[in-house]
Amino acid sequence: MELALILSALGLGFASGFHCIGMCGPIALSMGLTKKQSTNFYLQNLTYQFGRITTYSILGGVLGIIGEGFEMVGFQQYLTIAVGILLILMAVFSFGGKDFASKLPFLSEFLFKVKMKLSKLLQKADYRSRYATGLLNGLLPCGMVYMALTASLAAGGILQSAGFMALFGLGTLPFMFLVVLVGNLMTSALRLKILKIVPVMMIILGGLFILRGMELGIPYVSPQKASMQVIHNNSIEHQHGNHESCH
């Protein structure tokens, strides 16, 4: 995976951290973990967090099938530009502190079943339940996750998209781990102020994807595809060979 994509995935996850505290923090706090449990507390907290990251990675891999299809037919460049534009549009609709997810239609019956299962898992304290809680938590509607999944389309393949989402999840981990450690100390007013910064970062990220898709030859930001360079080199060699044969 390109360095630009790695940094984008981690940066997107880190920027989403405060949003995650507001959306997923209550679920984490509902697990009843306390620092008095010492080592068990940290392990159960991490087990829950990696459950979320697993779901993100699986969802990324599924969308990576689409990205790989575009790569095979040579349309990856256009997909990357389209993803950048879509990220900017999603960010614009997120201004005002409201979550973009609230503006999208969902399968309410499916989400209801997920929430019911979550409520049962939260009553258990074993590691399997903590991991399952994280897995289901990753399925809950979240505008930031949708943005990350959209960006993962441009990663170029199944493994790349899964890796992008795994890095996104790792970017959110510090905030989600800390919210269980310190409790819900952040006020709703402060969360709303921080959320106003997130769309700005999404616009910047969208711009970077557009630049990447344009393949301007800028190192790390807008590199030229190796395949295009190979075709170009082969074309030059072919022309050179024809020129020699004429002599």
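Owing to the predicted nature of the structure, the values given are computational and were not obtained by experimental measurement.

### Things to note about the overall build of the protein chain
Okay, so step 1: For the protein chain, the count of helices and strands is twelve helices and zero strands.
Okay, so step 2: When burial is assessed residue by residue, the protein chain has 43% of its 247 residues classed as buried.
Okay, so step 3: Nonlocal contacts in the protein chain, meaning residues at least 24 apart in sequence, comprise 80% of its contacts between residues at least 6 apart.
Okay, so step 4: When the accessible surface of the protein chain is summed, it comes to about 13,100 Å², and 70% of that surface belongs to carbon and sulfur atoms.

### Quick look at the side chain of Arg52
Okay, so step 1: Assignment of secondary structure puts Arg52 in helix 4 (residues 39-72).
Okay, so step 2: Here Arg52 falls in the buried class, since its relative accessible area comes to 0%.
Okay, so step 3: At 3.0 Å, the side chain of Arg52 and the side chain of Gln49 are in polar contact.
Okay, so step 4: In this structure the side chain of Arg52 is engaged in a polar contact, spanning 3.2 Å, whose partner is the side chain of Thr172.
Okay, so step 5: The contacts of Arg52, once residues within four sequence positions are left out, are Gly134, Leu135, Asn137, Gly169, Thr172, Leu173 and Met176.

### Some thoughts on the packing of helix 5 (residues 76-92) against helix 8 (residues 143-152)
Okay, so step 1: Running from N to C, helix 5 and helix 8 cross one another at 170 degrees; their axes reach a closest spacing of 9 Å. By the angle between their axes, helix 5 is roughly antiparallel relative to helix 8. Considering how the two elements wind past one another, helix 5 and helix 8 form a crossing that is left-handed. Counting all contacts with helix 5, which are made through Val83, Leu86, Leu87, Met90 and Ala91, the residues of helix 8 involved are Tyr146, Met147, Thr150 and Ala151.

### Some thoughts on the nonpolar core
Okay, so step 1: Core analysis: the biggest nonpolar cluster contains 27 residues, and Met165 and Phe209 have the highest contact counts within it.
Okay, so step 2: Among the secondary structure elements, those contributing two or more residues to this core are helix 1 (3-15), helix 5, helix 8, helix 9 (158-182) and helix 11 (198-214).
Okay, so step 3: With six residues, the single largest contributor to this core is helix 8.
Okay, so step 4: Counting contributing residues, this core receives three or more from each of domain 1 (3-185) and domain 2 (186-222).
Okay, so step 5: Residues contacting Phe209, with those up to four places away along its chain left out, are Leu5, Thr80, Ile81, Val83, Gly84, Leu87, Ala151, Ala154 and Phe164.

### Looking at the packing of helix 1 against helix 11
Okay, so step 1: Their axes nearest at 11 Å, the elements helix 1 and helix 11 cross at an angle of 165 degrees. On the basis of their axis angle, the class for helix 1 and helix 11 is roughly antiparallel. In this structure, helix 1 meets helix 11 at a crossing whose hand is left-handed. Note on element contacts: helix 11 touches helix 1 through Val198, Met201, Met202, Leu205, Phe209 and Arg212, opposite Leu5, Ser8, Leu12 and Ala15.
Okay, so step 2: Each residue belonging to the contact of helix 1 with helix 11 can be placed in one class, and the counts come to eight nonpolar, one polar and one charged.

### A short note on the UniProt feature "transmembrane region" (unreviewed entry) in the protein chain
Okay, so step 1: UniProt records the feature "transmembrane region" (unreviewed entry) for residues 48-66, 78-97, 138-159, 166-186 and 192-211 in the present numbering.
Okay, so step 2: Between the C-alpha atoms that bound residues 48-66 the distance is 29 Å, and the span itself is 100% helix and 0% strand.
Okay, so step 3: Helix and strand shares over residues 138-159 are 55% and 0% respectively, and the end C-alpha atoms of the span are 19 Å apart.

### Topic: a nonpolar patch on the surface
Okay, so step 1: Together, Val200, Ile204, Leu208, Leu211, Met214, Leu216 and Ile218 make up a nonpolar patch on the protein surface, roughly 560 Å² of accessible area in all.
Okay, so step 2: Locating Met214 in the fold gives a position in helix 11.

So, how was this worked out
- Residues numbered from 1 in each chain as written.
- Predicted model: local features only at pLDDT ≥ 70, side-chain atom pairs only at ≥ 80, totals over all residues.
- Heavy atoms only, no water.
- Helix = DSSP H or I, 4+ residues; strand = E, 2+ residues; numbered from the N terminus.
- Buried < 20%, exposed > 50% of the residue type's maximum accessible area, 1.4 Å probe, protein only.
- Contact = heavy atoms within 4.5 Å.
- Areas by Shrake-Rupley, 256 points an atom, 1.4 Å probe, with all protein chains shown as cover.
- Polar contact = N/O pair within 3.5 Å; in protein donor to acceptor, adjacent residues only side chain to side chain.
- Axes fitted to C-alpha atoms, helices over the stretch in contact; angles between N-to-C directions.
- Parallel < 35°, antiparallel > 145°, perpendicular 65-115°, else oblique.
- Left-handed = near helix turned anticlockwise from the far one by under 90°.
- Core = buried A, V, L, I, M, F, W, Y, C linked by side-chain atoms within 4.5 Å.
- Domains from an automatic or database assignment.
- Nonpolar A, V, L, I, M, F, W, Y, C, P; charged D, E, K, R; others polar.
- UniProt positions renumbered as here; feature names shortened; annotations may be inferred.
- Patch = residues over 30% accessible without salt bridge, like charges linked within 9 Å, V, L, I, M, F, W, Y side chains within 5 Å.
- Salt bridge = Lys/Arg side-chain N within 4 Å of Asp/Glu carboxyl O.

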